[in-house]
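Given next are the chains, with one letter for each unit.
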Amino acid sequence: LSASAQDDAPSLRGIVKAVNEATISSDLGFRIVEMPFREGQSFKKGDTLAVFDCDGLRAELRSSEARQAAEQLTYDNNLRLAKLNAVGRFEVQLSKAKTDQAAAEVDTFRIKIQQCEIKAPFDGRVATKAANVAELTDRTKPLMQIVSDDALEIEMLLPANWMRWLEPGEKFTMSLEEKAETLNAEVAAIAPVVDPVSQTIKVIGRFTDPASGILPGMSGPVRFTQPNG
């Protein structure tokens, strides 16, 4: 097969996207006491993204732990009395069930308290921020959107008939309009589904040139060299 330039193909574009991105939200409904990062600021995996006022929840946990301790004492005492035939089997089973229920309540509060502080799941930066310190969290709205900027991919919609020759590893270039710069790239993955209306396929590419300064959301024309014949 000989190669010919992409002269007769429609104008094709790609958009840079973060491989890792996440919408951060909370269903606690508590007041925000800390959000250390602003839009555009970078963070490391494990950094604190948000902290909530959970004093009431911690008080409920202490009360629940005390109740668990009391139920455990009752159960242990009933076990001793059962060996002396001073209580029946029903009393032992009932105190055991109450102990298990109290332990489950403690676990529930501990799980909720773990949600009082949100840690970054990966290195990245804050893309958008929709809440501020001192506000109550809204369960129906996100707090922020975060993206990684060190792991990027290029998303494209290409003609479905290119599947006759397009495969992972195929080289192409992308001209980033925001930077007036053209970078080399290659196909990383091809979606296994064809859009029946537009007759296009979704293709994911990755830069083979250094992508320093490239940000998610940047876009521009992509150019492939098609086989001919």
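Bear in mind that the values here come from a model prediction, so they are computed numbers and not experimental data.

Caption draft 1: A look at the packing of aromatic side chains. Going through the model one piece at a time under the given rule, you end up with four aromatic pairs. Residues phenylalanine 172 and phenylalanine 224 carry aromatic rings whose centres are separated by 4.7 Å and whose planes lie at 20° to one another, so their mutual orientation is stacked. Of this pair, phenylalanine 172 sits in strand β11 (residues 171-176) while phenylalanine 224 sits in strand β14 (residues 219-224), and the two are 52 residues apart along the sequence. When sorted by exposure, phenylalanine 172 lands in the same class as phenylalanine 224, which is buried. Each member of the aromatic cluster is reached from another via a ring pair, and the members are Trp162, Trp165, Phe172 and Phe224.

Caption draft 2: Here's a closer look at the pairing of strand β8 (residues 124-129). In this structure, strand β5 (residues 42-43) lies alongside β8, joined through two bridges in antiparallel fashion. Along β8, the bridge assignment pairs phenylalanine 43 with glycine 124.

Caption draft 3: Quick look at the state of the cysteines. Considering all chains together, one arrives at one disulfide under this definition. There is a disulfide in this structure between cysteine 54 and cysteine 116, and the S-S distance comes to 1.9 Å. Across the S-S bond linking cysteine 54 and cysteine 116, the dihedral sits near -105°, which makes this disulfide left-handed. Pair noted here: cysteine 54 is in the loop between β6 (48-52) and α1 (55-83) and cysteine 116 is in the loop between α2 (89-114) and β7 (117-119), with a separation of 62 residues, a long-range link.

Caption draft 4: Region of interest: the side chain of threonine 137. You can see threonine 137 is positioned in the loop between β8 and β9 (144-147). On the basis of relative accessible area, threonine 137 is assigned to the buried category, the value being 9%. Polar side-chain contacts of threonine 137 include one of 3.0 Å to the backbone nitrogen of glycine 29. The contacts of threonine 137, once residues within four sequence positions are left out, are Ser26, Leu28, Gly29, Phe30, Ile32, Phe52 and Leu143.

Caption draft 5: Spotlight on the sheet that holds strand β10 (residues 152-159). Around the barrel, which closes on itself, the six strands sit in the order β2-β10-β13-β12-β11-β14 with antiparallel pairing between neighbours. Here the strands of the sheet are splayed against their neighbours by 40° on average, with no regard to which way each runs. Note: β11 against β14, three bridges, orientation antiparallel. Counted as the bridge partner of methionine 174 is valine 222 from β14.

Caption draft 6: Spotlight on the environment of arginine 164. Along the chain, the position of arginine 164 falls in the loop between β10 and β11. Placed 63 residues apart in sequence, arginine 164 and proline 227 show a C-alpha to C-alpha distance of 9.7 Å.

Caption draft 7: Structural view of the pattern of salt bridges. In this structure the tally under the stated criterion is 12 salt bridges. Through salt bridges with shared partners, one network takes in Lys17, Glu155 and Lys202.

So, how was this worked out
- Within any chain, residue numbers begin from 1 and follow the written order of that chain's sequence.
- Only residues with pLDDT of 70 or above have their local features reported here, since the model is predicted, and side-chain atom pairs are shown and tallied only from 80 upward, although totals for entire chains, interfaces and linings are computed over all residues.
- To get the side-chain values, take all heavy atoms of the structure and skip hydrogens and water.
- The aromatic pairing rule takes the rings of Phe, Tyr and Trp, using the six-membered ring of Trp, and pairs them if the centres are within 6.5 Å, calling planes under 30 degrees apart stacked, those over 60 edge-to-face and the rest tilted.
- Counting from the N terminus, the helices are the DSSP runs of H or I reaching at least four residues and the strands are the DSSP runs of E reaching at least two.
- For every residue, the accessible area obtained with a 1.4 Å probe (protein chains only) is divided by the maximum for its type, and the residue is called buried under 20%, exposed over 50%, and partly exposed between those limits.
- Note on pairing: DSSP must find at least two bridges between two strands before they are called paired.
- Cysteine sulfur atoms that come within 2.5 Å of each other are treated as a disulfide pair.
- In protein, a polar contact means a hydrogen-donor-capable atom and an acceptor-capable atom, both N or O and within 3.5 Å, with residues adjacent in sequence counting only if both atoms are side-chain atoms; elsewhere, any N or O pair within 3.5 Å suffices.
- Contacts: residue pairs with any heavy atoms within 4.5 Å of one another.
- The axes are straight lines fitted to the C-alpha atoms, using for helices just the contacting stretch, and the angles between their N-to-C directions are given from 0 to 180°.
- Whenever Lys or Arg places a side-chain nitrogen within 4 Å of a carboxyl oxygen from Asp or Glu, that contact is recorded as a salt bridge.

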